[in-house]
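One letter stands for each residue in the lines below.
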Number of protein chains: 2
Amino acid sequence: MFLHLRFQPDLVVSSADKSRDIFKHHDLAFSGWPALYPFGQIPAFQDGDLNLFESRAITRYIAHSYAGKGIPLVSSAVEDVWAEVEAQRYEPPAAKLTWELGIKPMLGMATDDDVVKAQEAELAKVLDVYEARLAHSKYLGGEAFSLADLHHLPTLKYLMASPVKAVFDARPHVAAWVADIMARPSWQKVLAEY
Amino acid sequence: MFLHLRFQPDLVVSSADKSRDIFKHHDLAFSGWPALYPFGQIPAFQDGDLNLFESRAITRYIAHSYAGKGIPLVSSAVEDVWAEVEAQRYEPPAAKLTWELGIKPMLGMATDDDVVKAQEAELAKVLDVYEARLAHSKYLGGEAFSLADLHHLPTLKYLMASPVKAVFDARPHVAAWVADIMARPSWQKVLAEY
């Protein structure tokens, strides 16, 4: 989930204070602008007259529309496969673990250890596939960094600061990939602003 | 989930017998070709030297690569948003209901009524958003049929033949949209072969 990206074009939710405030209210009741947020959840995005929601559709739009700025982030069907893998396989356990270990403590709520244990096991299965993949290619989509990698960063921020870090570290190619993508200057810039 | 599409390029899983056989084994242990099916699940897809998996990445590849054949299926960022909505919002309850009401009976397994009730409620919330959207646009992505609509067809096949049909029928714009996309000659052709 991208809560805060401060460059052109603007996100509707574009201030760190605002996103912290939304987090405090669990994001679920964020339904002030139903036309922009049909499911009552952030983020939403505006670029001129175009209104978008769903984070992965937004990143794909930015990658295509602003292809001339920065490195290409969408260029092959194989990258697309791994972007789907992130959405369908990685995100479900990663998001639940982020909630339990990253967000709940921030909100003063108790972590559910049974959920953590079950989701850690799910994540480990996904990371086994990643380990095999990353033994043969530098990034998930191939030799170049792409959206398939980028979409992992928001959850990695929380998970690598939690005990789940061990699940990543136990897989050497995964650990090297995580270190690589988290060290990217563009991600460091996002972290510095958030 | 696309089990059977018989046109060029070929799906690796391309026979109805094979897909029925896989269904009988719940699809979960389908790991004979780990390079093609890293998560042990169908479908996988080959086009020349290119190997893909994840159904939505496959459909997007086909839509882009064979754009000259048939109608365009990917043309705007808004279509992409609604394709994400299908993947992130619609599919989780729809897939669970398909399993309970479509696949389990086929395999002689008992339906879990509690799961059906809970997932029907989830689906209803998603279809409320669809109803509002489809009151203003003929298809989810806009005035033209796109992948965002197409991806619903595999689960609709089962759900419209189950008691969950009532959840769709209670929403007039949703019901008209379902009737429209299910009547498309291309989908009828798939059904006739499967």
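- If you check an unreviewed UniProt entry, chain A appears there as glutathione transferase from Salvia splendens.
- Database annotation for chain A, UniProt heading Sequence similarities (unreviewed entry): "Belongs to the GST superfamily. Phi family."
- Checking UniProt for chain A, the heading Catalytic activity (unreviewed entry) contains the comment "RX + glutathione = an S-substituted glutathione + a halide anion + H(+)".

Topic: the interface of chain A and chain B
Line of reasoning, step 1. Chain A puts 23 residues into the contact, and the matching count from chain B is 23 residues.
Line of reasoning, step 2. For the pair chain A and chain B, the summed buried surface comes to about 2400 Å²; carbon and sulfur atoms form 62% of the total.
Line of reasoning, step 3. Considering only the side of chain A, the residues that lose the most area to chain B are Phe39, Glu54 and Arg89 of chain A, jointly responsible for 25% of the buried surface there.
Line of reasoning, step 4. For the pair chain A and chain B, the interface holds six salt bridges.
Line of reasoning, step 5. Across the pair Arg89 of chain A and Glu54 of chain B runs a salt bridge whose closest N-O atoms are separated by 2.9 Å.
Line of reasoning, step 6. If you look at where chain A meets chain B, you find four residue pairs in polar contact (both at pLDDT 80 or more).
Line of reasoning, step 7. Put simply, the parts of the chain that give the side of chain A that touches chain B at least two residues each are β2 (50-53), α2 (55-65), α3 (77-106) and α4 (113-134) of chain A.
Line of reasoning, step 8. The biggest single contributor to the side of chain A that touches chain B is α3 of chain A, with 10 residues.
Line of reasoning, step 9. Of the residues in the side of chain A that touches chain B, the class split is 15 nonpolar, two polar and six charged.

A closer look at the packing of aromatic side chains
Residue and element names in this part refer to chain A.
Line of reasoning, step 1. If you walk through the whole model with that rule in mind, you get 12 aromatic pairs over all chains.
Line of reasoning, step 2. A centroid spacing of 6.2 Å and a plane angle of 20 degrees characterise the contact between Tyr90 and Tyr130, whose relative ring orientation is stacked. With Tyr90 in helix α3 and Tyr130 in helix α4, this residue pair connects regions lying 40 residues apart in the sequence. In this pair, the class of Tyr90 matches that of Tyr130, namely buried.

About the cut-offs
- Residues numbered from 1 in each chain as written.
- Chains lettered and ligands numbered in written order.
- Predicted model: local features only at pLDDT ≥ 70, side-chain atom pairs only at ≥ 80, totals over all residues.
- Heavy atoms only, no water.
- UniProt positions renumbered as here; feature names shortened; annotations may be inferred.
- Contact = heavy atoms within 4.5 Å.
- Buried area = accessible area lost by both parts, 1.4 Å probe.
- Salt bridge = Lys/Arg side-chain N within 4 Å of Asp/Glu carboxyl O.
- Polar contact = N/O pair within 3.5 Å; in protein donor to acceptor, adjacent residues only side chain to side chain.
- Helix = DSSP H or I, 4+ residues; strand = E, 2+ residues; numbered from the N terminus.
- Nonpolar A, V, L, I, M, F, W, Y, C, P; charged D, E, K, R; others polar.
- Phe/Tyr/Trp six-rings, centres within 6.5 Å; stacked < 30°, edge-to-face > 60°.
- Buried < 20%, exposed > 50% of the residue type's maximum accessible area, 1.4 Å probe, protein only.

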